[in-house]
Amino acid sequence: MLEWIFDFFDRMLRRLQSRMGIRNTSLRVSPLSGPDGTSISIRIRGALAHDPITITIGPGSTGVAADIYGESLTMDRIAGFPPESAVLITVIIGTGANDQTRQATFHVTG
């Protein structure tokens, strides 16, 4: 029950920040390691409503958009990387001079 209340107020705060034009972004990638071919979830929070989001994994990139709460949940796959390599995941939220960049590293296991 407490988790639901926390989520409700967190969403309301983020929506208010979005209406005020304040970005307070965070990136969560799960899992952070696994064999080549692993499916990952990429969660972005704290963007402005409908912000464009560019997700780059290695050489490829994908474009998505934040919802009205400034959040995005995307599924992707780590594929084509050798064992024991580190794959940089870069997320650019927004466009122009006020964009924000967040990064995470996925470790490919043997």
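Small disclaimer: the values here were computed from a predicted structure and weren't measured.

Undergrad: I would appreciate a short explanation of the packing of aromatic side chains in the present structure.
TA: Between two aromatic rings, the relevant description is the distance of the centres plus the angle of the planes. Evaluation of the coordinates by the stated rule reveals two aromatic pairs. Aromatic side chains Trp4 and Phe8 sit 5.9 Å apart centroid to centroid with 15° between the ring planes, which places their arrangement in the stacked category. Separated by four residues within a single helix, Trp4 and Phe8 lie in helix α1 (residues 2-19), roughly one turn from each other. What makes Phe8 partly exposed here is its relative accessible area of 38%. When the ring of Phe8 is compared with that of Phe9, the centres are 5.2 Å apart and the planes differ by 80°; the resulting orientation is edge-to-face. Among the aromatic side chains, those forming a connected cluster through ring pairs are Trp4, Phe8 and Phe9.

Undergrad: Quick question: what am I supposed to make of the confidence of the model for the protein chain here?
TA: Predicted coordinates in areas of low pLDDT are best not read in detail. Per-residue pLDDT for the protein chain averages 89, and the proportion of residues at 70 or more is 98%. Per-element confidence in the protein chain ranges from a low mean pLDDT of 77 for α1 to a high of 97 for strand β2 (residues 33-34).

Undergrad: Looking at this model, I keep getting lost on the nonpolar core. Mind explaining?
TA: Grouped burial of nonpolar side chains is what soluble globular proteins tend to show. One finds Ile40, Ile42, Ile55, Ile57, Ile78 and Ile89 to be the most contacted residues of the largest nonpolar core, which totals 18 residues. Every element with two or more residues in this core is listed here: β3 (39-45), β4 (52-57), β7 (86-93) and β8 (100-108). Residue contributions to this core peak at four residues, all from β7. In this view, Ile57 contacts Ile40, Ile42, Asp76, Ile78, Phe81, Val87, Leu88 and Ile89; residues no more than four positions away in its chain are not counted.

Undergrad: Help me understand the environment of Met20 in this model?
TA: Tracing the backbone through its elements, the reader meets Met20 in the loop between α1 and β1 (26-30). What makes Met20 exposed here is its relative accessible area of 57%. Each C-alpha atom, one on Met20 and one on Leu48, is 8.9 Å from the other, the two residues being 28 residues apart in sequence.

Undergrad: When you look at the sheet that holds β1 in this model, what are you seeing that I'm missing?
TA: Pairing between the strands of a sheet comes from backbone hydrogen bonds, and it takes one of two forms, parallel or antiparallel. With antiparallel pairing, the three strands of this open sheet are ordered in space as β1-β3-β6. Every other strand in the sheet has two partners, leaving β1 and β6 (72-77) as the edge strands with one partner each. Each adjacent strand pair in this sheet contributes to an overall mean axis angle of 20°, direction not counted. In this sheet, β6 lies alongside β3 in antiparallel orientation, the contact comprising six bridges. Within β6, the position partnered with Ser39 by the bridge is Arg77.

Cut-off values and rules
Residues numbered from 1 in each chain as written. Predicted model: local features only at pLDDT ≥ 70, side-chain atom pairs only at ≥ 80, totals over all residues. Heavy atoms only, no water. Phe/Tyr/Trp six-rings, centres within 6.5 Å; stacked < 30°, edge-to-face > 60°. Helix = DSSP H or I, 4+ residues; strand = E, 2+ residues; numbered from the N terminus. Buried < 20%, exposed > 50% of the residue type's maximum accessible area, 1.4 Å probe, protein only. pLDDT = per-residue confidence, 0-100. Core = buried A, V, L, I, M, F, W, Y, C linked by side-chain atoms within 4.5 Å. Contact = heavy atoms within 4.5 Å. Pairing = 2+ DSSP bridges. Axes fitted to C-alpha atoms, helices over the stretch in contact; angles between N-to-C directions.

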